[in-house]
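So the chains spell out like this:
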Amino acid sequence: MFDYNFHWRPVMKSLPDLLEAASLTLQVAVLAMVLGIVIGLCLALARLHLRGPVYWFATAWVELARNTPALFQLFFFGFGLGAFGLHLSPYLIVLAGLTFNCAGYLAENFRGGFKAVPETQIRASRSLGMTPWQAYSRVVIPQVFRIVYHPITNQMVWAVLMSSLGMLVGFRELSGETQFFASRTFRIFEYFAVTAVIYYAIVKVILLSSRLMAARLFRY
Amino acid sequence: MEPTLKFFSGFAPNDLWFMGDAALRTLWISVLSISLGTVLGTLFGWMLYEGRRAATLTLAPVLDVFRSVPLIIQLVLFYNFAPIVGLNLDPFASGTVILTVYTAALVANVARGGIEAVGAPMRRAARSLGMSYWQDLRHVVLPIGGRAVFPSWVGVALGVMKDSALVSVLGYVELLKASQILITRTQEPFLILALAGAFYFALSYPVSRYATHLENRWAQ
């Protein structure tokens, strides 16, 4: 049919390496998400309850993360910080870029979640004798968690997909490793086709496990 | 005359032209693929809505692939696949094709949501006023459903505009690629990245703010 011979054998030979790189992809994405959730929570609370420089810092973070390309953010952590003599390793560049981006997007989701819980509930729990901490951890956070659960899942998928940009800053996660092998064997199409399948599988596993977890978490 | 050879040269005024030119290319590929992708995506969304089971079994999984594989992998894959089937596409054409399909895959869901947002009673009312199926779509579903999902469409469009930076992997010199080239020559990463980032931000921020404003106004 085509005037082209597909060679899948080199790809199959390096499949173990690709899968190992896939675990690196997953690792950096999970780490960025954990950091992103913590920072995003702080940013959301800062934008909701604080005034002054902290508010502006949080707002600037969120707007920059949401309104510039993820690749630009990676370049910034890669070359931009180099201007100040700060040279990060490719791993740190990707981790910092992903965390910056995820924190910004998640902060907006969290802010929406906090806003959706009526303030009267906090007052009610306070008048029942709960401390502010108890009111937050027992009343507000469980409701917010339910609201932001699906956005967090989506963001996790995005984090995996975005980590593929590591290829452009020399990080050898799944995409970077694929490019490395592809340029060594010139079997570019074959390698990237297999990588696409691996990404697809990772995303499907994330979505499926998220759905199973949701079924257990939100039973009532 | 100084007998030294200078390897790097500073940022010159005509480099601004170079960047402006690249910014226009970013704009051009974004506008082209967003408009084509929106038309195609609306069509897909309508098919998903009307085709029920047939579309859920055939079209939905295909569109799902484009949402579950990193854009950068899609670009490399398509760019290397086109010659296999005898197409000779330059980076711009390949980038436009993939960005268009990617947009369409995202818009399809938005469009289906829009059609679903128009209640069945209203559509039945339109039909019983004597409107044909197409009149109902054109004069009832489009204005009402379109308004309901306009903010999410803006989100998709801005996302694609930012993701158009990835076409640089194919060698298309858009804004971020141009910045990279200039950084290599001038060794002034911070200034150049700040300029590029400011362009994206200036494009994306007002539009997203305007969409939020419209969303709030229409919600009342």
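Residues numbered from 1 in each chain as written. Chains lettered and ligands numbered in written order. Predicted model: local features only at pLDDT ≥ 70, side-chain atom pairs only at ≥ 80, totals over all residues.

A separate point is the overall build of chain B. In terms of regular secondary structure, chain B is built from eight helices and zero strands. Walking chain B from its N terminus toward its C terminus, one meets helices and strands in the order α-α-α-α-α-α-α-α. Rg of the C-alpha trace for chain B: 22 Å, well past the compact-globule value of 17 Å for 220 residues, more than 25% over. By principal-axis analysis of the C-alpha atoms, chain B measures approximately 90 × 45 × 25 Å. In chain B, buried positions account for 37% of the 220 residues. Sequence-distant contacts in chain B: of pairs separated by 6 or more residues, those separated by 24 or more amount to 78%. (Helix = DSSP H or I, 4+ residues; strand = E, 2+ residues; numbered from the N terminus. Rg over C-alpha atoms; globule rule 2.2 N^0.38 Å. Buried ≥ 20, exposed ≤ 12 C-beta atoms within 10 Å, placed from the backbone. Contact = placed C-beta atoms within 7 Å.)

The next subject is the packing of helix α2 (residues 15-49) of chain A against helix α7 (residues 132-162) of chain A. Residue and element names in this part refer to chain A. Remark: α2 packs on α7, axes separated minimally by 9 Å, with the N-to-C direction vectors making an angle of 135°. What the angle tells us is that α2 and α7 run oblique. Regarding α2 and α7, the two cross each other, and that crossing is right-handed. For the pair formed by α2 and α7, the contact residues are Thr25, Leu26, Ala29, Ala32 and Met33 on the first element and Gln155, Met156, Ala159 and Val160 on the second. Here the contact of α2 with α7 is built from residues that sort into seven nonpolar, two polar and no charged. (Axes fitted to C-alpha atoms, helices over the stretch in contact; angles between N-to-C directions. Parallel < 35°, antiparallel > 145°, perpendicular 65-115°, else oblique. Left-handed = near helix turned anticlockwise from the far one by under 90°. Nonpolar A, V, L, I, M, F, W, Y, C, P; charged D, E, K, R; others polar.)

In the numbering used here, UniProt assigns the feature "transmembrane region" (unreviewed entry) to residues 27-49, 69-86, 92-115 and 190-208 of chain B. In the segment residues 92-115 of chain B, helix accounts for 100% and strand for 0%; the C-alpha atoms at its two ends are 33 Å apart. (UniProt positions renumbered as here; feature names shortened; annotations may be inferred.)

Taken together, the contact between chain A and chain B spans 30 residues of the former and 29 residues of the latter. Breaking the side of chain A that touches chain B down by element, the ones donating at least two residues are α3 (53-67), α4 (70-80) and α9 (188-217) of chain A. Per element, the largest residue contribution to the side of chain A that touches chain B is 10 residues, and it comes from α9(A).

Let us look at the confidence of the model for chain A. On average, residues of chain A score 89 in pLDDT, and 98% of them reach the 70 mark or higher. Ranking the helices and strands of chain A by mean pLDDT puts α3(A) first, with 93, and helix α1 (residues 9-13) of chain A last, with 81. (pLDDT = per-residue confidence, 0-100.)

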